[in-house]
Amino acid sequence: MSTAAMPNFPTGFRWGVSTSAYQIEGAADIGGRGPSIWDTFAHSPGRIVDGSSGDVACDHYHRYAEDIALMAELGVTAYRFSVAWPRVLPTGTGAVNPSGLDFYERLVDGLLDHGIDPVATLYHWDLPQPLEDAGGWLNRDTAHRFAEYADVLASRLGDRVKLWITLNEPFIHMSLGHGIGEHAPGRMLLFDAFPVAHHQLLGHGLAVAALRARSASPVAIANNYSPVRAVGDSPADHGAAMAYEALHNQLFTDPLLGRGYPELGFDDTVVRDGDLDVIAAPIDVLGVNYYNPTGVRAPEEGSPLPFELVPLDGYPRTAFDWPVAPDGLRELLGWLDRRYGADLPPIQITESGCAYDDVPDADGRVHDPDRIAYLDGHLRAVRAAMDDGVDVTGYFVWSLLDNWEWAEGFTKRFGLVHVDFATGRRTPKSSYAWLREVITTARRETAR
Ligand code: IFM
């Protein structure tokens, strides 16, 4: 970790933390919430490594005031949370569940009372199960239901949410959830999952219009990106890297920014006239979720995929075995800037973080020096990219709390705050104190 002082960030730079509904809320059967695809998936034997579910998670639904107090103490200026679609519309469409909306209103108002900007993600993978039963994101109709849901949220919270984020990581939802079945809903369609990409993007575009009709707040999407590095020097390795690059980094961003779909050989008969215009509705911010670069080489003969993903050597690794590569974040931001030029809106890093096996010591304190080094490196990478000329206006740490990490259950801890999952007890880690100092110093410097 660098011993040099953290460089300055400009006035108004947004300092935030991120979470998502199913990973922290719990209260799965409380307050009229309906089932989502993640309830179904988590309760299916063998899907989650520790056999757990998000039924209780961090019990944020009941402890949200304590969590807001933790954020206020941390000094963040924004909180990115997601709304559980089935808490607001238990069957995904039709009648609104008033107590579901009330919960998010209490959360939003509590944040505002503490001077924290509410940043609301509409969809972080928890599709209402009845919509999945009707075909889920393979069904074009889901895009229209999503826009209706956006209208419900904007009608109630449009005067107070400071930034709307339509979708979280549609690439991960398509690939892990519908391509290889590691996430809900567990479909294994490989490249036949393309309609899931298109209908999510169509839903995004329709939702942008619905949000703008009721709310003056800016609108964004949060995409996951990973700089791709060819492992091997053969033309086939480089070809594989280019194919993966198009899939992971371009499939969702090219059409959003008006370039249409990259050439990937998909059956695109689901794309109708006018869809690309809907998808390319202007956005105000591009959310960038970055964790690590990806190593790619040519696949074995007979592989169903045109690439093979391989570990990248030479980096420290997190508990997820992901390489710690802040240089990849600077590289990625520069790539986005060069590729999309004047069409690129300002960027906010909507997720950045790492999992480590954090354990309280004998005094109950949790020391996580690796997370401090990770955040230090990634913040410096953001600042370096800004010095390179990229317009970055915020950085959200994933995550405020240790939480329920999808197929990994409770085995991966990403939080600035340790959570004892048996009791719900929260203990700020040493990274929390470190980040508080960074934010306090940055806000003091820019206030001068
Ligand atoms: O926990 C997830 C989050 O839900 C989406 N982005 C990546 C995080 C870490 O895997």
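For the structure, check the block above.
Residues numbered from 1 in each chain as written. Predicted model: local features only at pLDDT ≥ 70, side-chain atom pairs only at ≥ 80, totals over all residues. Heavy atoms only, no water.

A. The arrangement of the sheet that holds strand E4 (residues 163-168) in detail. As summarised here, the arrangement of the 8 strands in space is E1-E2-E3-E4-E5-E7-E10-E11, forming a closed barrel in which the pairing is parallel. The average angle at which neighbouring strand axes cross in this sheet is 25°, direction not considered. Inspection of the sheet shows E4 paired to strand E5 (residues 219-225) by 3 bridges, in the parallel sense. Paired with Trp 164 across the bridge in E5 is Val 219. (Pairing = 2+ DSSP bridges. Helix = DSSP H or I, 4+ residues; strand = E, 2+ residues; numbered from the N terminus. Axes fitted to C-alpha atoms, helices over the stretch in contact; angles between N-to-C directions.)

B. A look at the packing of aromatic side chains. Considering all chains together, one arrives at 34 aromatic pairs under this definition. For the ring pair Phe 191 and Phe 266, a centre distance of 5.2 Å and an interplane angle of 80° mean the geometry is edge-to-face. Placement of Phe 191 in the loop between helix H8 (170-179) and helix H9 (194-214) and of Phe 266 in the loop between helix H11 (253-256) and helix H12 (275-279) is noted, with a sequence separation of 75 residues between them. Overall, Phe 191 belongs to the partly exposed group, its relative accessible area being 28%. The exposure class assigned to Phe 266 is buried, which follows from its relative accessible area of 14%. On the basis of an interplanar angle of 5° and a centroid distance of 4.2 Å, the ring pair of Phe 320 and Trp 322 is categorised as stacked. Geometry around Phe 103 places Arg 87 over its ring, the cationic atom sitting 6.0 Å from the centre. The ring of Phe 320 is capped by Lys 412, whose NZ or CZ atom sits 5.4 Å from the centre of that ring. (Phe/Tyr/Trp six-rings, centres within 6.5 Å; stacked < 30°, edge-to-face > 60°. Buried < 20%, exposed > 50% of the residue type's maximum accessible area, 1.4 Å probe, protein only. Lys NZ or Arg CZ within 6 Å of the ring centre and 35° of its normal.)

C. Summary view of the site of the ligand. For the ligand, the full set of nearby residues is Gln 23, His 124, Trp 125, Asn 168, Glu 169, Tyr 291, Trp 322, Glu 351, Trp 398, Glu 405, Trp 406 and Phe 414. Within the contact set of the ligand, an oxygen atom lies 2.8 Å away from a side-chain nitrogen or oxygen of Trp 406. With the chains in place, 95% of the 280 Å² that the ligand exposes on its own is no longer accessible. Its residues placed into classes, the shell around the ligand shows 6 nonpolar, 3 polar and 3 charged. (Near = heavy atom within 4 Å. Polar contact = N/O pair within 3.5 Å; in protein donor to acceptor, adjacent residues only side chain to side chain. Areas by Shrake-Rupley, 256 points an atom, 1.4 Å probe, with all protein chains shown as cover. Nonpolar A, V, L, I, M, F, W, Y, C, P; charged D, E, K, R; others polar.)

D. How the structure looks around the pairing of strand E3 (residues 117-123). In terms of burial, E3 is largely enclosed, as 6 of its 7 residues are buried. Taken together, the 5 bridges between strand E2 (residues 78-82) and E3 define a ladder with parallel strand orientation. Of the residues in E3, the one forming a bridge with Ser 82 is Thr 121. Judged from the 4 bridges that link them, E3 and E4 form a sheet pairing that is parallel. For Val 119, the partnering residue across the bridge sits in E4 and is Leu 163.

E. Here's a closer look at the sheet that holds strand E8 (residues 294-297). Taking strand neighbours across the sheet as the criterion, the 3 strands line up as E6-E8-E9 in an open arrangement whose pairing is mixed. In this open sheet, the two strands that pair with only one neighbour each are strand E6 (228-230) and strand E9 (308-310). Each adjacent strand pair in this sheet contributes to an overall mean axis angle of 45°, direction not counted. Pairing of E8 with E9, which is carried by 3 bridges, proceeds in the antiparallel orientation. Counterpart to Arg 297 in the pairing with E9 is Glu 308.

F. The layout of surface pockets, seen in detail. Approximately 1,300 Å³ is the volume found for the largest pocket. As for the largest pocket, its lining consists of 48 residues, of which Ile 172, Leu 176, Tyr 244, Leu 309 and Trp 322 are closest to the centre. Of all elements in the fold, only H8, E5, helix H10 (235-250), E8 and E9 reach the threshold of two or more residues within the lining of the largest pocket. Tallied by class, residues from the lining of the largest pocket come to 29 nonpolar, 12 polar and 7 charged. Of the volumes computed, that of the second largest pocket is approximately 210 Å³. If you go around the second largest pocket, you meet 14 residues; those closest to its centre are Ala 5, Met 6, Glu 437, Val 438 and Thr 441. The set of elements that each furnish at least two residues to the lining of the second largest pocket consists of helix H14 (369-388) and helix H15 (430-447). For the lining of the second largest pocket, the element with the most residues is H15, which contributes 6 residues. (1 Å grid on protein atoms, 1.4 Å probe; cavity = no way out; pocket = protein on both sides within 12 Å on 5 of 7 lines; lining within 4 Å. Points joined across faces, edges and corners; volume = space filled by probe spheres on them.)

G. Main features of the nonpolar core. In terms of nonpolar packing, the biggest core is built from 132 residues, with Trp 38, Tyr 104, Trp 164, Leu 251, Leu 336 and Ile 347 touching the most fellow members. Sequence-distant contacts of Leu 336, defined by excluding residues within four places in its chain, comprise Tyr 225, Leu 286, Val 288, Gly 341, Leu 344 and Ile 347. With 8 residues, the next largest nonpolar core counts Leu 163, Ala 222, Val 285 and Phe 396 among its residues. (Core = buried A, V, L, I, M, F, W, Y, C linked by side-chain atoms within 4.5 Å. Contact = heavy atoms within 4.5 Å.)

H. Broad picture of unusual backbone geometry. The step from Ala 184 to Pro 185 runs through a cis peptide bond, and the omega angle for that step is 10°. Relative to the helices and strands, Pro 185 is located in the loop between H8 and H9. The linkage connecting Trp 398 with the following residue, Ser 399, adopts the cis geometry, with an omega of 15°. Assignment of secondary structure puts Ser 399 in the loop between strand E11 (392-398) and strand E12 (417-419). Non-glycine residue Ala 57 carries a positive phi angle of around 50°.

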